[in-house]
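Notes for the structure review
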Amino acid sequence: MNKYYKSAILASSLSLSACEKSVMSYPRDAENYQKQFEFCMNLVPDGPKSVVNNDWDEVLVECQSFAQHQDFANYQSKLKRATND
């Protein structure tokens, strides 16, 4: 994947993190969350073998946020389909 796509994913997860508290009250799909988290982590290039400042904490937080929001979007989609049937 190219740099633009990776940047777009991380930027969208950053912008979605502002509403993080509002999405905590839904039934989580652990399997979907894990899949989305792994997807996000695979977009991040390999980091340095040793670091002075631990920026990986920020990467993990952003991928957790991304996975949470993707899982919430999946939940909303399922809910819409259920109410339309």
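Residues numbered from 1 in each chain as written. Predicted model: local features only at pLDDT ≥ 70, side-chain atom pairs only at ≥ 80, totals over all residues. Heavy atoms only, no water.

**Details of the packing of aromatic side chains**
In this structure the tally under the stated criterion is two aromatic pairs. Arranged with centres 6.4 Å apart and planes meeting at 35 degrees, the rings of Phe72 and Tyr75 form a pair that is tilted. Taken together, the residues span about one helical turn, with Phe72 and Tyr75 both in helix H3 (residues 56-84) at a distance of three residues. Over the aromatic face of Tyr33 sits the side chain of Arg28, whose NZ or CZ is 4.4 Å from the ring centroid. (Phe/Tyr/Trp six-rings, centres within 6.5 Å; stacked < 30°, edge-to-face > 60°. Helix = DSSP H or I, 4+ residues; strand = E, 2+ residues; numbered from the N terminus. Lys NZ or Arg CZ within 6 Å of the ring centre and 35° of its normal.)

**A look at the side chain of Asp71**
Among the secondary structure elements, Asp71 is positioned in helix H3. With a relative accessible area of 1%, Asp71 lands in the buried category. With near-sequence residues (within four places) excluded, Asp71 lies in contact with Tyr26, Arg28, Asp29, Asn32 and Tyr33. (Buried < 20%, exposed > 50% of the residue type's maximum accessible area, 1.4 Å probe, protein only. Contact = heavy atoms within 4.5 Å.)

**Let's talk about the environment of Arg28**
One can find Arg28 in the loop between helix H1 (3-16) and helix H2 (30-43). Classification of Arg28 by relative accessible area gives partly exposed; the value is 42%. Separated by 40 residues in the primary sequence, Arg28 and Gln68 place their C-alpha atoms 8.5 Å from one another. The residues contacting Arg28, other than those within four sequence positions of it, are Tyr33 and Asp71.

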